[in-house]
Amino acid sequence: MPDEAPATTADAYKAAFRGHPAGVAVITAEGPDGPTGLTASSVASVAVDPPVLVFSLSTKSGSAGVVLGADVFVVHLVDSLSVGLAKRFAATGSPAADDPMWGTLPTGERYLPTAATALRCRPRSTTEIGSSTVVVAEVLDIVVGREHGEPLVYHNREFHSLSERSRLS
């Protein structure tokens with residue numbers, strides 16, 4: 001018996017993307033109450049020269065509002081060793097400014113040193129589309145973490161790691 005068809009186009013769209021795995025990132029910025037951040041699965045590379053990435057945020061409030069209002073933010077690419085960061089920033093509320101998970105970049109921004117890679121960025125453009133905002137950002141600096149785990153993906157509302165065992169070719 002086939003699954004029931006989704007009731008609306010929006011339901012079908014959500015179901016389609018739940019089945020489409022995506023890389024995981026944590027985006028942080030400094031707000032009036034200290035550093036804040038959120039977990040995102042929409043980060044993608046756009047160009048190498050200059051290095052540019054893109055992501056979308058589905059709200060303008062809370063941590064997303066801080067990121068959208070920041071002159072500079074940090075995009076952390078997260079792997080299986082730092083899945084705890086992805087889970088922590090997917091929850092409401094960010095760690096306090098004095099939480100030991102934060103480090104400070106030479107340029108002064110706080111970042112998450114346990115992430116696989118941290119990309120210090122500045123927004124080049126934002127475009128509102130429906131209830132989301134698409135952000136195109138130039139990468140200013142890159143900090144590569146010391147340890148790397150397996151790639152982390154978000155699929156069907158859960159985090160998964162990719163391993164040699166998952167390779168198909």
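Residues numbered from 1 in each chain as written. Predicted model: local features only at pLDDT ≥ 70, side-chain atom pairs only at ≥ 80, totals over all residues. Heavy atoms only, no water.

Engineer: I'd love a proper account of the overall build of the chain, names of residues and values included.
Structural biologist: When helices and strands are tallied, the chain shows three helices and twelve strands. Against the globule reference of 15 Å for 169 residues, the chain gives a C-alpha radius of gyration of 17 Å, in line with a compact fold. If you line up the chain on its principal axes, its C-alpha atoms span 60 × 40 × 35 Å. The buried share among the 169 residues of the chain stands at 32%. Considering only residue pairs separated by 6 or more positions, the chain has 62% of its internal contacts joining residues 24 or more positions apart. As presented, the chain carries roughly 10,200 Å² of accessible surface, and 53% of it is formed by carbon and sulfur atoms. Positive and negative side-chain charges in the chain, numbering 13 and 18 respectively, have mean positions lying 2 Å apart. (Helix = DSSP H or I, 4+ residues; strand = E, 2+ residues; numbered from the N terminus. Rg over C-alpha atoms; globule rule 2.2 N^0.38 Å. Buried < 20%, exposed > 50% of the residue type's maximum accessible area, 1.4 Å probe, protein only. Contact = heavy atoms within 4.5 Å. Areas by Shrake-Rupley, 256 points an atom, 1.4 Å probe, with all protein chains shown as cover. Lys, Arg positive; Asp, Glu negative; His and termini not counted. Charge placed at Lys NZ, Arg CZ, Asp CG, Glu CD.)

Engineer: Mind laying out the sheet that holds strand β10 (residues 132-144), listing which residues take part and the relevant values?
Structural biologist: Sheet architecture is open: seven strands sit in the order β3-β2-β6-β9-β10-β5-β4, paired in antiparallel fashion. The open sheet has two free edges, formed respectively by β3 (34-40) and β4 (44-48), since each of these has just one partner strand. The sheet shows a mean angle of 35 degrees between the axes of neighbouring strands, direction not considered. Seen against the sheet, helix α2 (residues 62-69) touches β2 (25-31), β3, β5 (51-57), β6 (73-77) and β10 and runs at an angle of roughly 105 degrees to β3. Of the strands in this sheet, β2 and β3 touch helix α3 (residues 83-90), which is tilted by about 105 degrees from β3. (Pairing = 2+ DSSP bridges. Axes fitted to C-alpha atoms, helices over the stretch in contact; angles between N-to-C directions.)

Engineer: Please set out the packing of aromatic side chains residue by residue, giving values where relevant.
Structural biologist: Under the definition given, this model contains four aromatic pairs. Consider the rings of F89 and W102, whose centres lie 5.9 Å apart with planes at 80 degrees: the pair is edge-to-face. Highlighted residues: F89 in helix α3 and W102 in the loop between α3 and β7 (103-104), separated in sequence by 13 residues. For F89, a relative accessible area of 3% translates into the label buried. (Phe/Tyr/Trp six-rings, centres within 6.5 Å; stacked < 30°, edge-to-face > 60°.)

Keep in mind these numbers describe shape, not what the thing actually does.
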